Amino acid sequence: MNGREPIHEPALPVFDEEAEWVHAAAERFENAHASDLLEWALAEFHPRMAISAAGGVDGMAIIDMAWRINPEVRVFTLDTGRLPPETYTLFQNIREKYSINVEFEYPETDAVSSLVSREGPNLMYRAVELRLACCEIRKVIPLKKKLAKLDAWVAGLRREQWRTRKNIAKVELDRDHGGIVKLNPLADWTADEVWEYVRKNDVPYHELFDQGYASIGCAPCTRPVQPGESERAGRWWWEQETDKECGIHCSVGLLGSASDREREQIGGFVPDNGGGSDAVASLSQTSTPGDPDENEAAS
Ligand code: SF4
């Protein structure tokens with residue numbers, strides 16, 4: 001693996017045979033094309049494997065590659081309830097072009113209702129911890145439930161995207177999700193290479209990419225980027241010192257976005273367990289974006 005240490009394995013030391021098997025696979029496919037990795041993974045794990053898609057161009061390239069290998073490939077998405085309308089258009093396009101019934105996963109209604117009723121719909125702008133609480137309920141927990149039913153999942157992460165992703169391997173043991181296998185077929189691709197694949201193969205892509213967006217997420221938490229800015233600059237742009245992750249690709253507590261102590265103060269982000277707004281209010285605040293309502297217009 002060229003000396004790389006996957007960032008998804010910081011919690012526990014890796015000594016067991018399963019981890020060695022995964023590391024061997026990572027080494028085997030490090031210099032292979034993404035399609036070769038997907039072909040192996042589909043043979044190995046389908047139908048207990050699914051591609052995670054959120055609207056990004058990377059996920060679309062992976063879907064296209066995998067579909068060419070096995071048209072029965074599974075695709076899922078986390079519908080947070082705050083996605084821009086263009087994301088639904090994209091998933092409709094996937095259905096029509098590939099005949100793939102994208103599996104939509106939803107957060108628990110009671111958890112969302114409790115958090116939003118207590119903290120307001122635009123809580124994410126007030127504090128990092130509140131933003132993480134929203135991500136926990138709308139993304140992290142639904143993902144955990146989904147992955148509990150799978151043996152492997154595929155993500156569109158690339159090493160050049162952000163500092164938290166520079167050490168990802170193409171095959172990882174995802175200890176945050178029960179030790180299933182996580183595949184990052186595009187780990188060593190550049191954004192230009194992904195776009196070249198998408199254009200060459202007429203792959204559908206998210207409309208917002210033509211409006212200056214470089215990374216797609218929930219409407220209130222994503223904006224276009226300026227020339228020269230990094231791909232992730234448009235995600236949670238009002239946060240200055242965080243790792244711009246939501247916890248689905250790595251444990252945010254391990255990244256320093258919020259300490260475990262702080263997270264415990266608000267009840268581990270679970271709104272029904274007594275986490276109160278007083279504790280939240282005492283945590284570190286972020287700068288407020290210029291006009292949150294402007295962002296809401298897109299949701
Ligand atoms: Fe909530 Fe924003 Fe996270 Fe989406 S990205 S779950 S709206 S904080």
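A few words now on the site of the ligand. The environment of the ligand is made up of Arg 82, Met 124, Arg 131, Cys 134, Cys 135, Arg 138, Lys 139, Cys 218, Pro 220, Cys 221 and Trp 236. Across the shell around the ligand, the residue classes tally to seven nonpolar, no polar and four charged.

The subject of this paragraph is the confidence of the model for the protein. In the predicted model, the protein carries a mean pLDDT of 81, and the fraction of residues at 70 or more is 75%. Across residues 1-14, confidence stays below pLDDT 50; counting only partners more than four residues off in sequence or on other chains, it has 35 contacts. Per-residue pLDDT stays below 50 along residues 252-299; that stretch engages in 96 contacts with residues further than four places along the chain or on separate chains.

Right, let's get into the sheet that holds strand E3 (residues 103-105). The mixed open sheet is built from six strands, whose spatial order is E3-E2-E1-E4-E6-E5. Bordering the open sheet on either side are E3 and strand E5 (171-174), each of which pairs with just one other strand. Averaged over neighbouring strand pairs, the angle between their axes works out to 30° when direction is ignored. Note: E5 against strand E6 (residues 180-183), four bridges, orientation antiparallel. Paired with Leu 173 across the bridge in E6 is Val 181.

So, about the packing of aromatic side chains. Overall, the coordinates contain 13 aromatic pairs when judged by the stated rule. Between Trp 21 and Trp 40, the aromatic rings sit 6.1 Å apart at their centres with planes inclined by 40°, giving tilted as the arrangement. Pair noted here: Trp 21 is in helix H1 (residues 17-29) and Trp 40 is in helix H2 (residues 34-45), with a separation of 19 residues, a long-range link. Its relative accessible area of 38% is what places Trp 21 among the partly exposed residues.

What counts as what
Residues numbered from 1 in each chain as written. Predicted model: local features only at pLDDT ≥ 70, side-chain atom pairs only at ≥ 80, totals over all residues. Heavy atoms only, no water. Near = heavy atom within 4 Å. Nonpolar A, V, L, I, M, F, W, Y, C, P; charged D, E, K, R; others polar. pLDDT = per-residue confidence, 0-100. Contact = heavy atoms within 4.5 Å. Pairing = 2+ DSSP bridges. Helix = DSSP H or I, 4+ residues; strand = E, 2+ residues; numbered from the N terminus. Axes fitted to C-alpha atoms, helices over the stretch in contact; angles between N-to-C directions. Phe/Tyr/Trp six-rings, centres within 6.5 Å; stacked < 30°, edge-to-face > 60°. Buried < 20%, exposed > 50% of the residue type's maximum accessible area, 1.4 Å probe, protein only.

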